[in-house]
Amino acid sequence: MTNSLQSVDERTARELRGLARVLVRSGYADHAAITAALTEAVQEDAPSMDAAALVPLLIGEAVMDLNAESAEWPAATDPDRLDAVLSELEKLGLVVVRYTSDHHAARQALEAAPDPKGLVFFTDTDVWHAVDFSMLELKLWHPDTANVAPGEPLLEDVLTLLHEHDLPATFDEGRIEVTLDWKRRVTL
């Protein structure tokens, strides 16, 4: 087995680097989770590769790229403003679930909360999309797990709060689309 991406096809190498990039830049996954996800991807997509040797290289490359870019970032980034919005929503009684694997985990958090005012959540793949395409999908549910609808006060309150924090957002097809440049500071 080899530990260099040079021995796999270009598409597979690009996909593995892309996965490492979004996992690292998400800012939510810890080193163990990143390692596990990349190890699984290498074993599945490039079984002839030595995952134990390749994964640290993929992570290191992604971290170095991020560190070089983040030196030029402003003091407050869009994810910082998003975190402020999410904290305010929590203070207002909404359950906030960040970077969850799916809506089932978000629903469990909602059901476990005493007297929630609603739920706002986003998944890991929503963050990966934001890393690559500068748009994060937020899901907003009522306490009974029903999606919010246009014109409802809960939706209007969340949209207003996002706009007040300079995060352009619109409601489209049952979700809030937040335009943001995903520059989340990471420590691995």
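Coordinates for the structure precede this section.
Residues numbered from 1 in each chain as written. Predicted model: local features only at pLDDT ≥ 70, side-chain atom pairs only at ≥ 80, totals over all residues. Heavy atoms only, no water.

All right, on to helix 4 (residues 78-91) then. The end-to-end C-alpha distance of helix 4 is 20 Å, a good match for the 20 Å that 14 residues give at a rise of 1.5 Å each. For helix 4, the full list of buried residues reads Asp78, Pro79, Leu82, Val85, Leu86 and Leu89. All buried residues of helix 4 lie within an arc of 110° about the axis, which places them on one face of the element. Elements in contact with the buried residues of helix 4: strand 1 (94-100), strand 2 (118-123), strand 3 (135-141) and helix 7 (153-164). (Helix = DSSP H or I, 4+ residues; strand = E, 2+ residues; numbered from the N terminus. Expected span 1.5 Å × (residues − 1). Buried < 20%, exposed > 50% of the residue type's maximum accessible area, 1.4 Å probe, protein only. Arc of directions from axis to C-beta. Contact = heavy atoms within 4.5 Å.)

So, on to the packing of helix 1 (residues 10-26) against helix 6 (residues 124-133). For any two helices packed against each other, one specifies the crossing angle of their axes together with the interaxial distance. With their axes 9 Å apart at the nearest point, helix 1 and helix 6 run at an angle of 105° to one another. One finds that helix 1 runs roughly perpendicular with respect to helix 6. Facing Arg21, Val22, Leu23, Arg25 and Ser26 of helix 1, the residues of helix 6 in contact are Val127, Trp128, Val131 and Asp132. For the contact of helix 1 with helix 6, a count of residues per class yields 5 nonpolar, 1 polar and 3 charged. (Axes fitted to C-alpha atoms, helices over the stretch in contact; angles between N-to-C directions. Parallel < 35°, antiparallel > 145°, perpendicular 65-115°, else oblique. Nonpolar A, V, L, I, M, F, W, Y, C, P; charged D, E, K, R; others polar.)

One pair of aromatic rings is described through two measures. These are the centre distance and the angle between the planes. Counted according to the given criterion, the structure contains 4 aromatic pairs. Between Tyr28 and Trp182, the aromatic rings sit 6.4 Å apart at their centres with planes inclined by 45°, giving tilted as the arrangement. On the criterion of sequence distance, the pair formed by Tyr28 in the loop between helix 1 and helix 2 (31-45) and Trp182 in the segment after strand 5 (175-179) is long-range, its members being 154 residues apart. Under the relative-accessibility criterion, Tyr28 is labelled partly exposed at 22%. (Phe/Tyr/Trp six-rings, centres within 6.5 Å; stacked < 30°, edge-to-face > 60°.)

Our next topic: the side chain of Asp126. Relative to the helices and strands, Asp126 resides in helix 6. Judged by its relative accessible area of 8%, Asp126 is buried. Those residues within four positions of Asp126 in sequence are excluded, and the remaining contacts are Met135, Leu136, Glu137 and Lys139.

Before going further, it helps to examine the pattern of salt bridges. Considering all chains together, one arrives at 16 salt bridges under this definition. Across the pair Arg175 and Glu137 runs a salt bridge, and its minimum N-O distance is 3.1 Å. Here the residue Arg175 occupies a position in strand 5, and Glu137 occupies one in strand 3, the gap between them amounting to 38 residues. Among the ionic pairs, Asp181 bridges to Lys183, the shortest N-O distance being 3.3 Å. (Salt bridge = Lys/Arg side-chain N within 4 Å of Asp/Glu carboxyl O.)

What follows deals with the environment of Ala62. Structurally, the position occupied by Ala62 is in helix 3 (residues 51-70). The buried category is assigned to Ala62, whose relative accessible area is 8%. Each C-alpha atom, one on Ala62 and one on Leu19, is 9.4 Å from the other, the two residues being 43 residues apart in sequence. With residues near it in sequence (within four places) discarded, Ala62 still touches Ala20, Arg21 and Val24.

Leu89, Leu136, Leu140, Leu162 and Ile176 are the most contacted members of the largest nonpolar core, which totals 50 residues. Residue contributions to this core peak at 7 residues, all from helix 3. When sequence neighbours within four positions are dropped, the list of residues in contact with Leu136 reads Leu82, Phe122, Asp126, Val127, Ala130, Ile176, Glu177, Val178, Leu180 and Trp182. Counting residues in hydrophobic clusters, the runner-up holds 7 residues, among them Val97, Ala106, Leu110 and Phe121. (Core = buried A, V, L, I, M, F, W, Y, C linked by side-chain atoms within 4.5 Å.)

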